[in-house]
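# What the coordinates show
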Amino acid sequence: MYISHLSLTNFRNYGRLELELSPGATLLYGQNAQGKTNLLEAVYYLATTRSPHAEYDNQLLNWDAGQSEELVVVGRLVAQVQTAAEMKRLEMRLILERNGRARQGSFRREALVDRRKMRLMDLLGHLRVVLFLPEDVQLITGSPGERRRYMDITLCQIDAAYCRALSQYNKVLEQRNALLRQIAEGSGSLDVLPVFTDKLVNLGSQILRRRALFLAELARETQRVHYELLTNGRETIRLQYVPRLAGNGTVEEESVALGEWLQAAEASLATIKTRLAEAVRQAQPADIARGATSVGPHRDDWRFLLNGRALSSYGSRGQQRTAILALKMAEISWMTAVTGEQPILLLDEVVAELDAQRRAALLQTVQSAQQAILTATDPAMFTAEFLANAVSLKVENGRISYAESTGSPDQ
Ligand SMILES: Nc1ncnc2c1ncn2[C@@H]1O[C@H](COP(=O)(O)OP(=O)(O)OP(=O)(O)O)[C@@H](O)[C@H]1O
Ligand SMILES: [Mg+2]
């Protein structure tokens, strides 16, 4: 798939942008703070309904527009997406409404596919991307929450049922936790708890199973890329699923064994459900005491092992970067295999950080992608051959122009 046209209104430092894009590689270059990353963020946002950076979605609204006295401020992202089968128009609206004196106002989002309003979740799957940022190394060293977020966003792009289950799970979890707190305070009823527990276990086991399968597939491909293309057979990488189904005092090995069991083909949904139900039951007294659910997929984790050791504790910076590169390259081929169509690659400033062999491997992937958008402060880090085959666009203060060498703009 590829995006043929992108239009932004009041998004970050883009007041108004109309941009034609072509298949193949597009290089966005320009000085710091001009809008390169913001453009990748816009595409990622249309694909996932999430920002990789912003804590709150209203931070995406152009702040000059947000400062205006208008009662309604609308940010708009629109992409024309061409797939093998069809052309789709995807739109996301960021709407800030002020009523009277309230300075903050209320903020909401709307999603449209071919100009018809949809649930935000229904935007997913029409545009699929793989985003690669320098800070992705934090997937290795950061918190379990960041790793769960990565799994969820990646899976949601290709599996609508997973995404629905996840969203329902989070709601049930919130309701169950609220009830646990009420029970602890003496105002809630224990009789109602099984209703929420059953729902939690049903949805939770679907999520555990899907994640286990996903990680197993991704692990195989990551290992292959890492071994064959990036380290000349010198190093072996593994992704290990570490679900926590036994409360706070869980022994590490127990979680690892559980992960392996989940990934084994014989772990059917029914057996996972039984196991999760048992874990939730055992944790119940402690959960009531602390007013929160301590076991389930919301406590999941996964990690990288390099030659059998935790990459987060023992890996060098270069080894960590190489592992992330392998993961991203694997994500691309995994997504292509699962959907039958190549995702769009979004690479932010990552080429500069790689040595010659790894850079070559990544650029090989970029060149075989149907569409890739890269950013760099300095185009000189790319080979002349690469530049000859790419469209170069200059980004300057929220405006984009064609570089002299690649022909004139068509608007
Ligand atoms: N909501 C917003 N409204 C207006 N401008 C914003 C908003 N959010 C961020 N910006 C500004 O957008 C500018 C461009 O940011 P961006 O991250 O895209 O830069 P960049 O070209 O990728 O630079 P670098 O090379 O430093 O990574 C920054 O100056 C930032 O302050
Ligand atoms: Mg940037």
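Residues numbered from 1 in each chain as written. Chains lettered and ligands numbered in written order. Predicted model: local features only at pLDDT ≥ 70, side-chain atom pairs only at ≥ 80, totals over all residues. Heavy atoms only, no water.

Near ligand 1 lie 15 residues; those nearest to it are N32, A33, K36, T37 and L61. Between ligand 1 and A33, the relevant distance is 2.6 Å, taken from an oxygen atom to a main-chain nitrogen or oxygen of the residue. Between ligand 1 and the protein, one listed contact pairs an oxygen atom with a side-chain N or O atom of T37 at 2.7 Å. Burial of ligand 1 by the surrounding chains reaches 75%, relative to a free accessible area of 660 Å². No other element matches helix α1 (residues 36–48), which puts three residues into the shell around ligand 1. For the shell around ligand 1, the residue count by class is three nonpolar, 10 polar and two charged. (Near = heavy atom within 4 Å. Polar contact = N/O pair within 3.5 Å; in protein donor to acceptor, adjacent residues only side chain to side chain. Areas by Shrake-Rupley, 256 points an atom, 1.4 Å probe, with all protein chains shown as cover. Helix = DSSP H or I, 4+ residues; strand = E, 2+ residues; numbered from the N terminus. Nonpolar A, V, L, I, M, F, W, Y, C, P; charged D, E, K, R; others polar.)

Formed by 73 residues in total, the largest nonpolar core has its most connected members in W302, F304, L327, L362, V366 and L374. Considering every element that reaches this core, the biggest residue donor is helix α6 (residues 193–230), with 12 residues. Among the domains, domain 1 (2–128 + 343–406) and domain 2 (141–317) are the pair contributing at least three residues each to this core. Excluding its chain neighbours within four sequence positions, the residues that come into contact with L374 are A25, T26, L27, L28, L347, V351, L363, V366, F382 and F386. (Core = buried A, V, L, I, M, F, W, Y, C linked by side-chain atoms within 4.5 Å. Buried < 20%, exposed > 50% of the residue type's maximum accessible area, 1.4 Å probe, protein only. Domains from an automatic or database assignment. Contact = heavy atoms within 4.5 Å.)

One pass over the structure, following the stated rule, counts 28 salt bridges. Linking K88 and E86 is a salt bridge whose minimum nitrogen-to-oxygen distance equals 3.5 Å. The class for K88 is buried, based on a relative accessible area of 16%. Where R224 meets E221, a salt bridge forms, and the shortest distance between an N and an O atom there is 2.9 Å. Note that R224 and E221 are positioned in helix α6 at a spacing of three residues, about one turn of the helix. R224 sits in the partly exposed class, given a relative accessible area of 35%. Judged by its relative accessible area of 18%, E221 falls in the buried class. (Salt bridge = Lys/Arg side-chain N within 4 Å of Asp/Glu carboxyl O.)

Neither face of strand β8 (residues 129–132) is exposed, since V129 and L131 on one face and V130 and F132 on the opposite face are all buried. As judged from the four bridges shared by β8 and strand β12 (residues 344–348), these two strands associate in the parallel manner. Paired with F132 across the strands is L347, a residue of β12. (Pairing = 2+ DSSP bridges.)

We now examine the domain arrangement of the chain. With domains assigned, the chain is organised as domain 1 (2–128 + 343–406) and domain 2 (141–317). Contact residues are listed per partner, giving 14 residues for domain 1 and 12 residues for domain 2. A buried area of about 1100 Å², summed over both sides, lies between domain 1 and domain 2, and 53% of it is on carbon and sulfur atoms. Interface area lost by domain 1 to domain 2 is led by R50, M121 and Q357, which between them contribute 41%. Viewed at the interface, domain 2 and domain 1 are joined by zero salt bridges. Taken together, the connections running from domain 1 to domain 2 amount to three residue pairs in polar contact (both at pLDDT 80 or more). (Buried area = accessible area lost by both parts, 1.4 Å probe.)

Below, the discussion takes up unusual backbone geometry. Positive phi, normally seen in glycine, also occurs at E349, with a value near 60°. Positionally, E349 belongs in the loop between β12 and α11 (356–367). Positive phi is not limited to glycine here, since N397 has a value of about 50°. Structurally, N397 is set in the loop between β14 (391–396) and β15 (399–402). The exposure class assigned to N397 is exposed, which follows from its relative accessible area of 59%.

So, about the environment of N232. Along the polypeptide, N232 turns up in the loop between α6 and β9 (237–242). In this structure, the C-alpha to C-alpha distance between N232 and P243, residues 11 residues apart in sequence, is 32 Å. In contact with N232, other than residues within four places in its own chain, are Y227 and Q357. A distance of 3.1 Å separates polar atoms of two side chains, one belonging to N232 and the other to Q357.

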